[in-house]
Amino acid sequence: MEKLKGYRRSLFLGIVLIALGITFTTTLKDSVGSIGIVFVAVGGFFFIVGMSKKRKKDEQKNK
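The following refers to the structure shown. The numbers attached to residues start from 1 for each chain and follow its sequence in the written order. Reporting in this predicted model follows two pLDDT cut-offs: at least 70 for local features of residues, and 80 or more for side-chain atom pairs to be given and counted; totals over whole chains, interfaces and linings ignore these cut-offs and use all residues. To obtain the side-chain values, all non-hydrogen atoms of the structure were used and water was disregarded.

**A few points about the overall build of the protein chain**
Consideration 1: Helices and strands together make up the secondary structure of the protein chain, namely two helices and zero strands.
Consideration 2: Here the C-alpha radius of gyration of the protein chain, 15 Å, is well above what a compact globule of 63 residues would show, namely 11 Å.
Consideration 3: A principal-axis box enclosing the C-alpha atoms of the protein chain has dimensions of 50 × 25 × 10 Å.
Consideration 4: Looking at the 63 residues of the protein chain, the share that counts as buried comes to 16%.
Consideration 5: For accessible areas, the Shrake-Rupley method is used with a probe of radius 1.4 Å. Any residue's cover is judged against the shown protein chains and nothing else. Total accessible area on the protein chain stands at roughly 5200 Å², and carbon and sulfur atoms take up 66% of it. We count a stretch as a helix when DSSP gives it H or I for four or more residues in a row; a strand needs E for two or more, and each element gets its number in order from the N terminus. In this treatment the radius of gyration is a C-alpha quantity, and the globule benchmark scales as 2.2 Å times the residue count to the 0.38 power. Here the term buried applies to any residue with accessible area under 20% of the maximum for its type, exposed to any over 50%, and partly exposed to those in between, with areas from a 1.4 Å probe on protein chains only.

See the structure below:
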């Protein structure tokens, strides 16, 4: 299996954490609802970091 490198790793991790957070918030809100909100926030952070890395890579590629 190919390892994800660079911005793809951050984007994938962000998407997975957001999905887990939404699942925890909706289906398990009685026991781990607050952890779901934290997962969504951390996932959003990784998604933003991944998009920033992608933009920088695209700018370097176009030069």
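Read on, since the account is not over.
**Some remarks on helix α2 (residues 29-62)**
Because each turn of an α-helix spans 3.6 residues, side chains separated by three or four positions in sequence point in the same direction.
Consideration 1: The span expected for a helix works out to 1.5 Å for each residue beyond the first. Compared with an ideal rise of 1.5 Å per residue, which puts 34 residues at 50 Å, α2 spans 46 Å between its outermost C-alpha atoms and is within 8% of the ideal.
Consideration 2: All of the buried residues along α2 are Gly33, Gly36, Gly43 and Gly50.

**A word on a positive patch on the surface**
Consideration 1: Only residues whose relative accessible area exceeds 30% and that form no salt bridge are eligible for patches; like-charged ones are grouped when within 9 Å, while nonpolar side chains (Val, Leu, Ile, Met, Phe, Trp, Tyr) are grouped when within 5 Å. Salt bridges, as used here, are contacts in which a Lys or Arg side-chain nitrogen is within 4 Å of a carboxyl oxygen on Asp or Glu. In summary, the charge assignment counts Lys and Arg as positive and Asp and Glu as negative, without counting His or the chain termini. Here the site of a charge means atom NZ of a Lys, CZ of an Arg, CG of an Asp or CD of a Glu. There is a patch of like positive charges on the surface, built from Lys3, Lys5, Arg9 and Lys53.
Consideration 2: Considering the arrangement of structural elements, one finds Lys53 in helix α2.

**Regarding the environment of Gly14**
Consideration 1: Mapped onto the elements of the fold, Gly14 is located in helix α1 (residues 7-27).
Consideration 2: Between the alpha carbons of Gly14 and Gly36 there is a distance of 13 Å; along the sequence they are 22 residues apart.
Consideration 3: The contact rule is simple, with two residues in contact once any of their heavy atoms fall within 4.5 Å. When near neighbours in sequence (up to four residues on either side) are disregarded, Gly14 contacts Gly43, Phe46 and Phe47.

**Some details on the packing of α1 against α2**
Consideration 1: Here an angle of 0 to 180 degrees is reported between the N-to-C directions of two axes, which are lines fitted to C-alpha atoms, with helices fitted over the stretch in contact. The N-to-C vectors of α1 and α2 enclose an angle of 160°; their axes lie 6 Å apart at closest approach. When the axes of α1 and α2 are compared, the pair comes out roughly antiparallel. Both α1 and α2 take part in a crossing whose hand is left-handed.
Consideration 2: Gly is placed with the polar residues, together with every amino acid not listed as nonpolar (Ala, Val, Leu, Ile, Met, Phe, Trp, Tyr, Cys and Pro) or charged (Asp, Glu, Lys and Arg). The residue makeup of the contact of α1 with α2, split by class, is 18 nonpolar, 11 polar and four charged. Geometric relationships in this document are graded by angle, where less than 35 degrees denotes roughly parallel, more than 145 denotes roughly antiparallel, 65 to 115 denotes roughly perpendicular, and other angles denote oblique. The handedness criterion is simple: a crossing whose near helix is rotated anticlockwise from the far helix by less than a right angle is left-handed, and one whose near helix is rotated clockwise is right-handed.

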